[in-house]
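Structural features, examined
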Amino acid sequence: MNLEPEITFRDLERSPAIEAKVLERIERLDRYYSKIMGCRVMIEARHRHQHKGKLYHVRVDVTVPGHQLISSREPPERQSHEDVYVAIRDAFNAMDRQLEDFGRRQRGDVKTHELPPHGQVAELAPEGESGRILASDGRSIYFHRNSVVSGRFEDLEVGCQVRFVEVEGDEGPQASTVTLVGKHHIVG
């Protein structure tokens, strides 16, 4: 880290033990992203109005090249951030995840989920044994009635949206598995 971390206490006494825990967690941040330029942590004790005790709010601001990342853990209504160390842990765990994701994006290691091939039924043979799918890329893909795995072949109509697994057949590309896409499925 380029700059000395800043730790601020609000409505509670500065504590060497709390400060040591925060500094320990700040040191661990470099595991997730090594180009951290600065870090500010604010620990605040908030009074409960109807209950005894205090709830703790912890905010972690991390500066990285070109970005500011913020993790702020508000005390939940029925969950206990009555322990300052739990609040610190939760805020820093959230920052760990943010830095890890940021580092992945910077390196170009972001996971992408390839959509399965999809299209629509373009033609059904009159004898009821096969059909053709117009794939989203414009190709025509043959399929046999035995390839339909979701629903029945008889339920298919021209224009139905389907997903499929493409294999190379004797006559060119064909679908080995055809799944009817329901109205709640996102095709892409």
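Above this text sits the structure in question.
Residues numbered from 1 in each chain as written. Predicted model: local features only at pLDDT ≥ 70, side-chain atom pairs only at ≥ 80, totals over all residues. Heavy atoms only, no water.

**As for the packing of helix H1 (residues 16–29) against helix H2 (residues 84–107)**
Short version of the rule: In this description, a line fitted to the C-alpha atoms serves as the axis of each element, helices being fitted only across the stretch in contact, and the angle between N-to-C directions of two axes falls anywhere from 0 to 180 degrees. Counting from the N terminus, the helices are the DSSP runs of H or I reaching at least four residues and the strands are the DSSP runs of E reaching at least two. Our angle categories are set so that under 35 degrees counts as roughly parallel, over 145 as roughly antiparallel, 65 to 115 as roughly perpendicular, and the remainder as oblique. Crossings are sorted by hand: turned counterclockwise from the far helix by less than a right angle, the near helix makes the crossing left-handed, and turned clockwise it makes it right-handed. A contact between two residues is defined here by any heavy atoms of the two lying within 4.5 Å. Under the grouping applied here, Gly and all other residues not named as nonpolar or charged are polar, the nonpolar ones being Ala, Val, Leu, Ile, Met, Phe, Trp, Tyr, Cys and Pro and the charged ones Asp, Glu, Lys and Arg.
Closest axis-to-axis distance for the H1/H2 pair is 10 Å, and the angle between their directions is 15 degrees. Compared by their axis directions, H1 and H2 come out roughly parallel. For H1 against H2, the interelement crossing comes out right-handed. Taking contact as the criterion, the partners of Ala 17, Ile 18, Lys 21, Val 22, Arg 25, Ile 26, Arg 28 and Leu 29 in H1 are, on H2, Val 84, Tyr 85, Ile 88, Arg 89, Phe 92, Asn 93, Met 95, Asp 96 and Leu 99. Looking at the contact of H1 with H2, its residues break down into eleven nonpolar, one polar and five charged.

**Things to note about the pairing of strand S7 (residues 140–144)**
Quick note on the threshold: Each residue is placed in one exposure class: buried if its accessible area under a 1.4 Å probe, protein chains only, is under 20% of its type's maximum, exposed if it is over 50%, and partly exposed if it falls in between. A pair of strands is considered paired only if DSSP assigns at least 2 bridges between the two.
Across the two faces of S7 the burial differs, with Ile 141 and Phe 143 buried and Ser 140, Tyr 142 and His 144 not buried at all. Bridge analysis of strand S6 (residues 130–135) against S7 gives five bridges, and the strand direction is antiparallel. Each residue of the ladder has a partner; that of Ser 130, found in S7, is His 144. The loop that links S6 with its antiparallel partner S7 comprises four residues; one of these, Gly 138, has a positive phi angle of about 95 degrees. Direction of pairing for S7 relative to strand S10 (residues 172–180): parallel, over a ladder of two bridges.

**Some words on the packing of aromatic side chains**
Any pair of aromatic rings gets described here by the distance separating the centres and the angle formed by the planes. Rules: Whether two aromatic rings pair depends on their centres lying within 6.5 Å, for rings of Phe, Tyr and Trp, where Trp uses its six-membered ring; planes under 30 degrees apart make the pair stacked, over 60 edge-to-face, and the rest tilted.
Counted under the stated rule, the structure contains two aromatic pairs. For the pair Tyr 33 and Phe 102, a centre-to-centre distance of 5.1 Å together with 75 degrees between the ring planes defines the contact as edge-to-face. With Tyr 33 in the loop between H1 and strand S2 (38–47) and Phe 102 in helix H2, the pair connects residues that are 69 residues apart, well separated along the chain. The buried category is assigned to Tyr 33, whose relative accessible area is 10%. Residues Phe 143 and Phe 153 carry aromatic rings whose centres are separated by 6.1 Å and whose planes lie at 55 degrees to one another, so their mutual orientation is tilted. Here Phe 153 lies in the loop between strand S8 (148–150) and strand S9 (161–169) and Phe 143 lies in strand S7, a separation of ten residues in the sequence.

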